[in-house]
Amino acid sequence: MSDVLTAEVLRNALVVAAEEASIVVVRSAYSTFIVEGSDASAAVLDARGRLIAHSMATTLMNSMALKVALPELVRDVPLETMRPGDVYVLNDAYRGGVHTNDLLVYRPVFVEDRPAYFAATMIHVSDLGGLSAGGMAPLATDIFLEGLQLPPVRLATSAGLEPAVEAILRANSRTPDKVMGDVRALVAGTAVAAARVGALVAEYGAAGLASGIDDYLDYTEARTRTALADLPEGRFEASYPIDDDGISLEKSHDVRVAITLERHSSDGGRVEPQVPEMRAVVDFAGTGAQVPAAINASASQSLAAAVFAVRCFLDPTIPMNDGCLRAIEVRLPEGSLLNARSPYPCGGRYVPIYAAMEAIFQALSDAVPERAIAPSGILQPFSIAAVGAPYWIHLSYDFGGVGARRGLDGPDATGVHFGIGRNSVPQAEPVESRCPLIVESIETIPDSGGPGRHRGGLGSRTVYRFLADCHVTTRGDRLRLAPPGRDGGLPGRVGGFFKRHLDGTVERLASKVNNVRFAAGEAFVVETTGGGGMGSPYERDREAVLADLDAGHVTERGAQEDYGLTR
């Protein structure tokens with residue numbers, strides 16, 4: 001067994017290897033959203049499929065996909081058939097992937113002539129076909145309308161990219177040069193991480209590295225179980241609704257969860273003998289069945305949502321790796337909104353997994369009231385694209401306000417829940433330089449945060465004025481059913497997507513629309529939803545309301561109507 005210090009040094013070295021790989025992808029990619037929004041992920045896994053490190057900028061959505069999909073790759077391509085320099089790719093949502101535009105790329109790292117580790121990278125490439133440019137297909141009724149599906153295939157060898165695979169990718173993309181630039185960036189990222197892992201093998205020896213990894217995974221498990229032991233034992237249930245599926249606009253769908261926090265005596269297994277064998281069982285039985293609409297998620301995405309939401313109630317310094325996953329059991333009913341099977345679409349995965357996260361937040365808020373949080377406004381994804389060749393595409397999202405927390409107002413338009421652990425929004429100037437549009441304004445919306453003793457975070461408003469005709473596609477939620485408050489707090493104000501016509505009139509769009517035509521000079525307005533409040537607004541400190549007035553967070557009308565304050 002390695003010593004604790006060596007294990008921690010190795011853990012950080014592997015995290016740095018993954019982080020360096022993600023930086024290489026960002027610096028090498030072609031797509032605007034990756035280059036300007038740093039939307040790239042990287043991880044290091046072992047041949048057993050364990051997640052041993054991921055980049056600090058990685059969303060848990062992506063690292064869970066890389067973990068869940070690796071056994072699927074090895075099932076199709078046995079380890080003994082792999083060769084140094086080989087690189088593999090897949091995007092199959094039913095085999096660990098996310099959706100068609102997210103490419104998962106793996107490079108085996110050989111130790112004693114056999115793959116022992118994998119360097120992995122992942123990004124949302126600019127376009128791989130489907131109903132609309134950029135991988136946004138909010139009205140898809142099956143997976144085939146969302147774009148090209150790739151089973152595990154060899155993407156490259158030591159001689160370079162596989163010509164046949166490159167031809168397939170190019171033939172299925174509206175922006176083939178950008179996609180291949182992104183693909184080469186993914187391959188380059190895996191090469192960097194693989195080289196760093198190889199150097200660690202050379203320095204510490206194969207056995208030394210493996211022992212250090214085992215030790216720090218065990219350490220992470222022990223810390224996770226210890227943190228879970230601070231929560232009360234019992235079963236806690238909650239549910240959260242989805243506005244609609246984009247097809248039947250008046251029908252909502254529910255995600256239900258039951259969390260069981262249970263403890264039993266340790267038998268001195270992987271964890272230290274004095275560590276309580278606490279675990280969390282997160283069971284989504286009762287969640288709505290999968291539907292032929294883009295509000296389903298693949299299992300890897302739902303797993304990420306569940307783990308992230310539980311970790312929000314634990315010690316934030318606990319590392320995220322396979323050790324954490326040993327203490328959290330997630331049950332995802334097959335054929336449900338959270339574990340869709342073919343041919344049900346999975347591109348709208350944000351919608352159900354945000355509902356899953358919110359259900360867990362509310363269940364654990366009941367369990368641990370001192371850490372409670374009110375429901376939040378969520379990110380509102382959209383794409384803007386040329387109506388024909390030559391294609392240009394802008395993929396983006398704006399963030400909603402976070403729900404008020406016990407003792408604290410919710411952060412404004414901060415995106416704390418985006419991607420299960422990070423946020424990134426491209427700056428206006430680079431977007432304007434790459435696309436024929438002007439970002440007229442970006443601002444928070446007064447009175448949009450749910451009133452309460454502690455106010456919900458504000459939503460935001462962004463206005464894009466177009467210099468050329470284009471198509472807009474949206475995939476929103478919590479735009480009809482507002483995030484409710486807790487403990488007497490009031491709901492946040494719902495946002496929406498809008499079209500400002502040339503004559504200045506404004507038309508509200510549905511939350512999920514596909515390829516709405518905008519003419520040059522018209523504007524697209526994105527308003528996000530505010531977070532729910534906590535506690536009665538009449539209990540809010542007068543000075544806090546006055547400060548909100550001075551800062552423009554609430555209006556005079558809002559102060560009077562919501563808080564009963566006049567001045």
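Higher on the page you've got the structure.
To start, this report covers the structure provided alongside it. (Residues numbered from 1 in each chain as written. Predicted model: local features only at pLDDT ≥ 70, side-chain atom pairs only at ≥ 80, totals over all residues. Heavy atoms only, no water.)

Some words on the pairing of strand β6 (residues 153-157)
Which entries qualify depends on this criterion: Pairing between strands requires that DSSP locate at least two bridges from one strand to the other. Helix and strand assignments come from DSSP, with helices taken as H or I runs of at least 4 residues and strands as E runs of at least 2, each series counted from the N terminus.
Pairing of strand β3 (residues 87-90) with β6, which is carried by 3 bridges, proceeds in the antiparallel orientation. From the neighbouring strand, Val 87 faces β6, where its bridge partner is Ala 156. In this structure, β6 lies alongside strand β7 (residues 160-161), joined through 2 bridges in antiparallel fashion. Of the residues in β7, the one forming a bridge with Thr 157 is Gly 160. The hairpin turn running from β6 into β7, its antiparallel successor, is 2 residues long.

Some thoughts on the packing of helix α5 (residues 176-204) against helix α6 (residues 206-228)
Cut-off, in case you're wondering: Between N-to-C directions, angles span 0 to 180 degrees; the directions come from axes that are lines fitted to C-alpha atoms, helices contributing only their stretch in contact. Oblique is the label for any angle not covered by the other classes, which are roughly parallel (under 35 degrees), roughly antiparallel (over 145) and roughly perpendicular (65 to 115). We call two residues contacting when some pair of their heavy atoms lies within 4.5 Å. Note on residue categories: nonpolar means Ala, Val, Leu, Ile, Met, Phe, Trp, Tyr, Cys or Pro, charged means Asp, Glu, Lys or Arg, and polar means any other residue, Gly included.
Following both chains from N to C, one finds α5 and α6 inclined at 110 degrees, their axes separated by 6 Å at the closest point. Classified by the angle their axes make, α5 and α6 are roughly perpendicular. The segment α5 lies against α6, with Val 197, Leu 200, Val 201 and Tyr 204 engaging Ala 206, Gly 208 and Leu 209. A per-class count over the contact of α5 with α6 returns 6 nonpolar, 1 polar and no charged.

Some points on empty space enclosed by the protein
The gaps of empty space that remain are located by a probe, the size of a water molecule, rolled over the atoms. Just so we agree on the cut-off: Site definitions follow a grid-based scheme: protein atoms alone, a 1 Å grid, a 1.4 Å probe that fits but cannot get out for cavities, and for pockets an open set with protein on both sides within 12 Å along at least five of seven lines, plus lining residues having an atom within 4 Å of a point. Grid points are joined across faces, edges and corners, and a volume is the space filled by probe spheres set on the points.
Inspection of the entire model under this criterion finds 4 cavities of 30 Å³ or more. Elements that contribute at least two residues to the lining of the largest cavity include exactly α3 (60-76), β5 (114-124), β12 (380-386) and β13 (393-398). Its residues placed into classes, the lining of the largest cavity shows 12 nonpolar, 8 polar and 4 charged.

Comments concerning the sheet that holds β13
Spatially, 4 strands are ordered β13-β12-β16-β19 in an open sheet, and the strand pairing comes out antiparallel. Every other strand in the sheet has two partners, leaving β13 and β19 (512-518) as the edge strands with one partner each. Taken over all neighbouring pairs, the strand axes of this sheet differ in orientation by 15 degrees on average, direction set aside. Note: β12 against β13, 6 bridges, orientation antiparallel. Counted as the bridge partner of Phe 382 is Ser 396 from β13.

Re the environment of Ala 119
Among the secondary structure elements, Ala 119 is positioned in strand β5. With 77 residues separating them in the primary sequence, Ala 119 and Arg 196 have C-alpha atoms 9.6 Å apart. Residues in contact with Ala 119, not counting those within four places in the same chain, are Ala 43, Val 105, Tyr 106, Arg 107, Val 109, Thr 190, Ala 193 and Ala 194.

Points about α5
At 3.6 residues per turn, the α-helix brings residues three or four places apart onto the same side. Filter applied, for reference: In a helix, the anticipated span is given by 1.5 Å times the number of residues less one.
For α5, with 29 residues, the first-to-last C-alpha span of 42 Å sits near the 42 Å given by 1.5 Å per residue. One or two positions beyond α5, positive phi appears at Gly 205, with a value near 85 degrees.

Considerations on the sheet that holds strand β1 (residues 41-46)
Within the open sheet, the 7 strands sit side by side as β2-β1-β5-β4-β3-β6-β7. Their pairing is antiparallel. In this open sheet, the two strands that pair with only one neighbour each are β2 (51-54) and β7. Note that β1 and β2 share 3 bridges and pair antiparallel. Its bridge partner being in β2, Ala 43 is matched across the sheet by His 54. Running over the sheet, helix α1 (residues 4-28) touches β1, β2 and β5 and is turned about 140 degrees from β1.

Remember that the coordinates give geometry; whether it matters functionally is a separate question.
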